[in-house]
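Given next are the chains, with one letter for each unit.
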Amino acid sequence: MEMPSNESSAPSNEIPESSTPNQQIHPQSGFFERRFKLTEHKTTFSTEVIAGITTFMTMVYIVFVNPQILSAAGMDPSGVFVVTCMISALGCIAMGLIANLPIALAPAMGLNAFFAFSVVAGMGISWQTGMGTIFWGAVCFTLMSALGIRSWILSNIPSCLRIGIPSGIGLLIALVGLSNAGIVVASPATMITVGDLSSLQCVLGALGFFIIVILASRGIHAAVLISIVVVTSIAALMGDVEYTGIVSMPPSIESTFGQLDIAGSLDIALAGVIFSFALVSLFDSSGTMIGVTEKCGITDERGRFPRMKQALMTDSVTSVAGAYMGTSTVTAYIESSAGVAVGGRTGLTAIVAGLLFIVVIFFSPLAAMVPGYAVAGALIYVGILMSSGLAKVKWDDMTEAAPAFITTVMMPFSFSITEGIATGFITYCVMKAGTNRWREIHPGVAIVALLFIIKFVFVDGH
């Protein structure tokens, strides 16, 4: 995902919502016309509904993937399923009502894997403490949005790092997907090797991946959902999945709601994790919002769009709520562009998607039947999308190429987003200083690199 080079949180800097004021309201539109200004945005109620359904169909896979990933951290998958639906619905509806933008929100892919495998499993802490780090990261994220620090950081972090961070996360997600499919397995001799390619897990995992990439290349928006349904159905026919029903009352969320350890997560050893959650959320969400609004044609040359401050605060506060409820960081979804592609232009698109997430809550038995390898293809596919920005790295400039490369590869190799960000910042400063290009190092970047060095020496080293 390409990251923005500029952002503003000041209302006075936002571009106007329309360049054609005083347009006549369509007499048949009623409440929706007045609330969402459909005519002003050159759209209709039916178009917005179709766009909302399209957006939902492209991102509903998260309600199946998120429980699978977070359950690896010891969380109750049925509770996570309901919380995922609830926070996605809340975020989408809030974005539609407050910012009137066709941007959908849901728990972030990548950060859920980072939480489960790197933070909880890798650091040996409880999921409750890990969820506390997400909470504090979201609080920092919210404060950065409110104080304008968010735009300052985005404006001054070099593009090679802004490209390397999501690309590294993409490779980390893909590695998790390949592991879930049994395509790659651990090896004491070579650290990692090819698994049993003839196993049912591997064959169906690979099938799911090819279904997604083929359908996606043919412009079918629901490619991921179709893949999950097909693979799960085949697994059920082959006796590898037990049928548990289709519809039921939602499971309890008591096992996750409010169970985070807010005080226990305020540990100096976890400071880097909290910073990583905040920083990655900043890049991912902001970049997605600008990408979607550019597709709408409502951004200016500096990447600003109408009601930007409201949008930024909505996704920030939703992340805090999501952590308290029991899910990974909430972010804007690039899949929102699918709804925009079919005509969605207002917050009504996001609201329709949010309402559909509420309906999905009653289909928890279906989510419980989805095996891990059925979502493996989705993880690999997301990895492809997130790594696409590497094409924009200035590979002929080693002071740009080396930091981007180190940031990218250190995430899957160390199985940690934090270490990837840290080594990327340090490499950038070393390369610029070593080639006598000191002036290109922004003070903010130097401070972040120094903080990571202090962490390595005085925190990790003891």
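This text goes with the structure placed above it.
Each value, and the rule that gives it
- Residues numbered from 1 in each chain as written.
- Predicted model: local features only at pLDDT ≥ 70, side-chain atom pairs only at ≥ 80, totals over all residues.
- Heavy atoms only, no water.
- Helix = DSSP H or I, 4+ residues; strand = E, 2+ residues; numbered from the N terminus.
- Buried < 20%, exposed > 50% of the residue type's maximum accessible area, 1.4 Å probe, protein only.
- Contact = heavy atoms within 4.5 Å.
- Lys, Arg positive; Asp, Glu negative; His and termini not counted.
- Charge placed at Lys NZ, Arg CZ, Asp CG, Glu CD.
- Phe/Tyr/Trp six-rings, centres within 6.5 Å; stacked < 30°, edge-to-face > 60°.
- Lys NZ or Arg CZ within 6 Å of the ring centre and 35° of its normal.
- Pairing = 2+ DSSP bridges.
- Axes fitted to C-alpha atoms, helices over the stretch in contact; angles between N-to-C directions.
- Parallel < 35°, antiparallel > 145°, perpendicular 65-115°, else oblique.
- Left-handed = near helix turned anticlockwise from the far one by under 90°.
- Nonpolar A, V, L, I, M, F, W, Y, C, P; charged D, E, K, R; others polar.
- Salt bridge = Lys/Arg side-chain N within 4 Å of Asp/Glu carboxyl O.
- Patch = residues over 30% accessible without salt bridge, like charges linked within 9 Å, V, L, I, M, F, W, Y side chains within 5 Å.
- Areas by Shrake-Rupley, 256 points an atom, 1.4 Å probe, with all protein chains shown as cover.

### Overview of the overall build of the protein
Here comes step 1: For the protein, the helix and strand inventory stands at 19 helices and four strands.
Here comes step 2: Counting only C-alpha atoms, the protein reaches 70 × 60 × 45 Å along its principal axes.
Here comes step 3: Relative to its 462 residues, the protein shows a buried fraction of 56%.
Here comes step 4: Once local pairs closer than 6 in sequence are excluded, the contacts in the protein between residues at least 24 apart make up 81%.
Here comes step 5: Taking the 19 positively charged and 26 negatively charged side chains of the protein as two groups, their mean positions are separated by 12 Å.

### So, the packing of aromatic side chains
Here comes step 1: Under the counting rule described, the total for this entry stands at 10 aromatic pairs.
Here comes step 2: When the ring of Phe-31 is compared with that of Phe-32, the centres are 5.4 Å apart and the planes differ by 75°; the resulting orientation is edge-to-face.
Here comes step 3: Among the residues examined, Phe-32 registers a relative accessible area of 30% and is labelled partly exposed.
Here comes step 4: Aromatic pair Phe-114 and Phe-277: ring centres 5.2 Å apart, planes at 55°, arrangement tilted. Within this pair, whereas Phe-114 is found in helix H5 (residues 111–123), its partner Phe-277 is found in helix H11 (residues 271–296), the two being separated by 163 residues in sequence. There is no split in this pair, since Phe-114 and Phe-277 are both buried.
Here comes step 5: An aromatic cluster is defined as three or more aromatic residues linked by ring pairs; in this entry it consists of Phe-31, Phe-32, Phe-36 and Phe-45.
Here comes step 6: Over the ring of Phe-36 we find Arg-35; its NZ or CZ atom is 5.6 Å from the centre of that ring.

### Structural notes on the environment of Ser-285
Here comes step 1: Checked against the element boundaries, Ser-285 lands in helix H11.
Here comes step 2: For the pair Ser-285 and Gly-30, spaced 255 residues apart in sequence, the C-alpha separation works out to 33 Å.
Here comes step 3: Not counting chain neighbours up to four residues away, the residues in contact with Ser-285 comprise Phe-141, Arg-150, Asp-315, Thr-331 and Ala-332.

### A look at the pairing of strand E3 (residues 191–194)
Across a regular strand the side chains alternate sides, sitting on one face of the sheet and then on the other.
Here comes step 1: Note that strand E2 (residues 184–187) and E3 share four bridges and pair antiparallel. Across the sheet, residue Val-184 finds its bridge partner in E3, namely Val-194.
Here comes step 2: Remark: three residues form the turn of the hairpin made by E2 and E3, two consecutive strands paired antiparallel.

### Let's talk about the packing of helix H3 (residues 62–71) against H5
Here comes step 1: One way to put it is that H3 packs onto H5 with a least axis distance of 9 Å and a crossing angle of 15°. With respect to H5, the axis of H3 lies roughly parallel. As for the relative orientation of H3 and H5, their crossing is left-handed in sense. Judged by residue contacts, Ile-62, Asn-66, Ile-69 and Leu-70 of H3 engage Asn-112, Ala-113, Phe-115, Ala-116 and Phe-117 from H5.
Here comes step 2: Partitioning the contact of H3 with H5 into residue classes produces seven nonpolar, two polar and no charged.

### Looking at the packing of helix H8 (residues 159–180) against helix H17 (residues 398–414)
Here comes step 1: Packing of H8 against H17 brings their axes to within 7 Å, and their N-to-C directions diverge by 25°. Judged by the inter-axis angle, H8 sits roughly parallel to H17. Crossing geometry of H8 relative to H17 is assigned as right-handed. Two secondary-structure elements touch here, H8 through Ser-159, Cys-160, Leu-161, Gly-164, Ile-165, Ser-167, Gly-168, Ile-169, Leu-171, Leu-172 and Leu-175 and H17 through Glu-400, Pro-403, Ala-404, Thr-407, Thr-408, Met-411 and Pro-412.
Here comes step 2: Grouping the amino acids of the contact of H8 with H17 by side-chain chemistry returns 11 nonpolar, six polar and one charged.

### Describing the pattern of salt bridges
Where side chains of opposite charge bring their charged atoms close, a pairing between them can arise.
Here comes step 1: Under the criterion given, the structure shown has four salt bridges.
Here comes step 2: Put simply, Arg-437 and Asp-397 hold a salt bridge, and the shortest N to O gap is 3.2 Å. In this pair, Arg-437 is assigned in the loop between helix H18 (417–434) and helix H19 (443–460) and Asp-397 in the loop between helix H16 (376–387) and H17, connecting sequence segments 40 residues apart.
Here comes step 3: For Asp-397, a relative accessible area of 18% translates into the label buried.
Here comes step 4: With a shortest N-O distance of 2.7 Å, Glu-440 and Lys-432 are connected by a salt bridge.
Here comes step 5: Connected through salt bridges with shared partners, the residues Asp-397, Glu-400, Lys-432, Arg-437 and Glu-440 form a single ionic network.

### Description of a nonpolar patch on the surface
Here comes step 1: On the surface, Ile-447, Leu-450, Leu-451, Ile-453, Ile-454, Val-457 and Phe-458 cluster together to form a nonpolar patch covering roughly 670 Å² of accessible area.
Here comes step 2: By the element assignment, Phe-458 lies in helix H19.
Here comes step 3: For Phe-458, a relative accessible area of 57% corresponds to the exposed category.

### Details of unusual backbone geometry
Here comes step 1: One non-glycine residue, Lys-42, lies in positive phi territory at about 60°.
Here comes step 2: Inspection of the secondary structure assignment puts Lys-42 in the loop between helix H1 (30–36) and helix H2 (45–59).
Here comes step 3: The class for Lys-42 is exposed, based on a relative accessible area of 72%.

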